[in-house]
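Residues per chain are reported as follows:
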Amino acid sequence: MNSLEKYGLLDDEILKNIPGIPSRSVISSKPVAVLECAQEIPCNPCELSCPQSAIKIGKPITNLPVIDSAKCTGCAACVAACPGLAIFVVNQNYSTTTGTVTLPYELLPLPEKGQKVVACNREGIPLSHVDVIRVQTSKSYDRTALVTLEIPKELVMDVRGFYLKDPKPVNLQYMKNEMEDSQNDVVICRCQEVTKRDIITAIEEGCRTVNEIKRATRVGMGLCQGRTCGRMVSRILAEAMGIGLAEVKPATFRVPVRIIPLATLGSSKKDD
Ligand code: SF4
Ligand code: SF4
Ligand code: FES
């Protein structure tokens, strides 16, 4: 199983074989679209949106998109059109020391031009404090904004996201002790077989809320919907961040909040 199948992450090995990624020499010579599209799915808005016909999918529609970088002008129309948020425009020559990356952004609030943000890589690991130099919205982009960051030149093929603020700090000594603790294989979520080590690793990798840990590890997504493991996850997070349990926002609960017999929902008596 590769990193895409396991974690939804593109690693160097996968990136090397994607036909939508221009060569290093093209990337160093002009602004160009980078199509990080690695899954054969029936999808082609990128091909339809390019005014230069620089993207080719053809038939069948499940082909991976191929970029003809000679035709690409770096206009970013395809960045807004891609429903998978898989396209970026990079420019390695914005200044002598900096480049730019234009990213699709679908969260609110939007950053503003001139704002400092924290650029991160594909795994969400913070890389550098950088400036937002352009924010583009348009009716034709639907609700996808295009955000352009000025970044160190050497990071144009690494920066693929950003945080508006610094991710909250963790208690480093606690994290170090926990990572080294051999007892960490204790199972916290029995339904999904998630261990304490999995949770500590998720926090180490940037998760700072119970919901984020849930998405990263599937903790709390089992049959009991977190009723058994939820408080333990909150406690681990509180300890890792050096905050009180009351300050940890609980995970989103799905109904029913309490387990109830099906008969209560399915009774056919009229008065019920
Ligand atoms: S950046 Fe513009 S020209 Fe280049 S592939 Fe995308 S839509 Fe086409
Ligand atoms: S629109 Fe995006 S997800 Fe769809 S084929 Fe093109 S690059 Fe891939
Ligand atoms: S123990 Fe975690 S979802 Fe049930």
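Not measured: the values here are computed from a predicted model.

## Some remarks on the environment of Ala-240
Structurally, Ala-240 is set in helix 9 (residues 230-241). Ala-240 sits in the buried class, given 21 other C-beta atoms within 10 Å. It is 9.1 Å that separates the C-alpha atoms of Ala-240 and Glu-178, two residues lying 62 residues apart in sequence. Aside from chain neighbours lying at most four places away, what touches Ala-240 is Val-170, Asn-171, Tyr-174, Met-175 and Ile-203.

## Digging into the nonpolar core
Across soluble globular proteins, nonpolar side chains have a tendency to be buried as a group. Core analysis: the biggest nonpolar cluster contains 41 residues, and Ala-33, Leu-35, Cys-78, Val-79, Ile-87 and Leu-149 have the highest contact counts within it. For this core, the elements supplying multiple residues, two or more each, are strand 1 (32-35), helix 5 (77-81), strand 4 (87-91), strand 5 (98-105), strand 6 (116-120), strand 7 (126-136) and strand 8 (145-152). Examining the composition of this core, we find that 5 residues originate from one element, helix 5, more than from any other. Residues Val-194, Ile-199, Ile-236 and Ala-251 belong to the second largest nonpolar core, which totals 18 residues.

## A look at the site of ligand 1
The full set close to ligand 1 counts 14 residues, and Ala-33, Cys-50, Cys-72, Cys-75 and Cys-78 are the nearest of them. Taken together, the residues that form the shell around ligand 1 break down as 10 nonpolar, 4 polar and no charged.

## With respect to the domain arrangement of the protein chain
Where interface size is given, it is often the accessible area lost as the parts come together that is meant. For the protein chain, the domain assignment lists domain 1 (3-163) and domain 2 (172-247). Of note, the centres of domain 1 and domain 2, computed from C-alpha atoms alone, are 32 Å apart.

## Concerning the sheet that holds strand 5
Spatially, the 7 strands line up as an open sheet ordered 1-4-5-8-7-6-9, and their pairing is antiparallel. Of all the strands in the sheet, just strand 1 and strand 9 (161-163) have a single pairing partner and so form its edges. Here the average twist between neighbouring strands, direction ignored, is 40°. Of the strand pairs in this sheet, strand 7 and strand 8 are connected by 5 bridges, and their pairing is antiparallel. When the sheet's bridge partners are listed, Val-135 is paired in strand 8 with Val-147.

## Focus on the environment of Val-135
You can see Val-135 is positioned in strand 7. Residues Val-135 and Val-32, 103 residues apart in the sequence, show an inter-C-alpha distance of 18 Å. Those residues in contact with Val-135 that sit more than four places away from it in its chain are Leu-110, Pro-111, Glu-112, Lys-113, Ala-145 and Val-147.

Parameters and conventions
Residues numbered from 1 in each chain as written. Chains lettered and ligands numbered in written order. Predicted model: local features only at pLDDT ≥ 70, side-chain atom pairs only at ≥ 80, totals over all residues. Helix = DSSP H or I, 4+ residues; strand = E, 2+ residues; numbered from the N terminus. Buried ≥ 20, exposed ≤ 12 C-beta atoms within 10 Å, placed from the backbone. Contact = placed C-beta atoms within 7 Å. Core = buried A, V, L, I, M, F, W, Y, C linked by C-beta atoms within 7 Å. Near = placed C-beta within 6 Å. Nonpolar A, V, L, I, M, F, W, Y, C, P; charged D, E, K, R; others polar. Domains from an automatic or database assignment. Pairing = 2+ DSSP bridges. Axes fitted to C-alpha atoms, helices over the stretch in contact; angles between N-to-C directions.

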